[in-house]
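Geometric and topological summary
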Amino acid sequence: MMKRLSFIGLFFISLMLVSQTNSSLKTDSINKSIRNNRIVDSLNHNDGPYMFIDKDKIIEKNIVNGTVETKILGLNTINTEFETEPFIYHNVSTIAVISDFHGQYDLTVKILKNNHIIDEKLNWVFGKGHLVIVGDIFDRGPKTTELLWLVYNLEKQAENNGGKVHFILGNHEFMVMQNDLRYINKKYWLTSKLLNTPYNELYGKETVLGRWLRSKNTILNIDDNLFLHAGISEVFISNGFNLEETNQKMRQSLFEDDSDPTWHTLYDKYYDNNGPVWYRGYFSAEFKKSDINKLLRKLDVKHVIVGHTSQKQIESLFHNKILAVDSSIKNGIYGEMLFIENGKYYRHTMDGEIIKLK
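A short tour of the structure in this document, coming up. (Residues numbered from 1 in each chain as written. Predicted model: local features only at pLDDT ≥ 70, side-chain atom pairs only at ≥ 80, totals over all residues. Heavy atoms only, no water.)

The full count for this structure, using the stated rule, is 15 aromatic pairs. Arranged with centres 4.9 Å apart and planes meeting at 85 degrees, the rings of phenylalanine 138 and tyrosine 203 form a pair that is edge-to-face. Taken together, the residues span a long stretch of sequence, with phenylalanine 138 in the loop between strand S6 (130-133) and helix H3 (144-160) and tyrosine 203 in the loop between helix H5 (186-195) and helix H6 (208-213) at a distance of 65 residues. By the ring-pair criterion, three or more aromatic residues cluster together here, those being Tyr50, Phe138, Tyr188, Tyr199 and Tyr203. Looking at lysine 61, its charged tip hangs above the ring of phenylalanine 52, at a distance of 5.7 Å from the centre. (Phe/Tyr/Trp six-rings, centres within 6.5 Å; stacked < 30°, edge-to-face > 60°. Helix = DSSP H or I, 4+ residues; strand = E, 2+ residues; numbered from the N terminus. Lys NZ or Arg CZ within 6 Å of the ring centre and 35° of its normal.)

Here we take up the sheet that holds strand S15 (residues 354-356). Strand order in this open sheet of six strands is S7-S6-S5-S13-S14-S15, and the pairing throughout is mixed. Among the strands making up the open sheet, the edge pair consists of strand S7 (164-167) and S15. When the angles between neighbouring strand axes are averaged without regard to direction, this sheet yields 25 degrees. Relative to strand S14 (residues 344-348), strand S13 (residues 337-341) runs antiparallel, the two being bridged by five bridges. Counterpart to methionine 337 in the pairing with S14 is histidine 348. Sheet contacts for H3: S6 and S7; angle to S7, the most-contacted strand, approximately 145 degrees. (Pairing = 2+ DSSP bridges. Axes fitted to C-alpha atoms, helices over the stretch in contact; angles between N-to-C directions. Contact = heavy atoms within 4.5 Å.)

The subject of this paragraph is H5. Those residues of H5 not exposed but buried are Lys187, Tyr188, Thr191, Ser192 and Leu195. For H5, the buried positions fall inside an angular range of 140 degrees around the axis, keeping them on one side. Residues of H5 that are exposed and angled more than 90 degrees away from the buried face: Lys186 and Lys193. Contact partners of the buried residues in H5: strand S1 (47-54), strand S2 (57-64), strand S3 (67-74) and H3. Its side-chain oxygen placed 2.9 Å from the backbone nitrogen of lysine 187, asparagine 185 serves as the N-cap of H5. Downstream of H5 by a residue or two, asparagine 196 has a phi angle that is positive, lying close to 55 degrees. (Buried < 20%, exposed > 50% of the residue type's maximum accessible area, 1.4 Å probe, protein only. Arc of directions from axis to C-beta. Polar contact = N/O pair within 3.5 Å; in protein donor to acceptor, adjacent residues only side chain to side chain.)

This is the structure we're talking about:
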């Protein structure tokens, strides 16, 4: 009996050793696979350019097949100073509106092409029209950098043709620049590692794109239309609403360090759930027609156009008093644009079909 028990004991010990060996081999295999995948990801990794301003020169960095390529350029190579943009415009006959790209470059380009904003070579063909981008180019998708440079270049082309591109900052622009990186695509963790630079500092105050972003507004008024990323509540404007001050304070928050008490004062007032980059109240079942009429009177506009709260298509609320333009481009499958032409409102689909909003 003792011999039998001894044999059984040895048998189970052998099984445990084999199991541990197999487990160890499996773990080594998984770790090796992870390392190999990282190597493959790195070799296939392309991103940039990122342009850093260093006194009398610009340091341009690109990642090409996992290798960082650096160029030293003169300060006159690209604009490094950006004036604060106007936030009120009058007598604009044609406006196109789109929002929440979230790194989906390919779909965004398709929508812009099919709706005659850009041509096949990505050049501006919208003439004297105004294109309003209602925030959130950053996060989620894998081609944020490409989208930022596309918009940057379209701004200049539009100006040269008598048109205008307005890029209004959304909550994800503010999040990235303030180092809240919860939603960045995994691609950009690798970019940050390869460039040996924290991701938010790729858009710091001494970078070309960082300075450009800090020149942008949070709220824009064109004729009777107010454009902003999320919305604006009666609570927010209850102590008096000043469009210029709101834009100025939101920009200021991007220059303040979060260790400074001033930053926290700004944050508490402008970044809560009633503020212009986080509010979702228009889409609540409790929000009534009487609420929007009261709000519009206080804002002195007839229409408010917002992104932020995702829809399946462009949506009109309260007979075009609220227009929701986040058409879920972030999913990379479908998206739309809003067109405002001589006071009339139209949905433009991904393929360029036109549907009047009533």
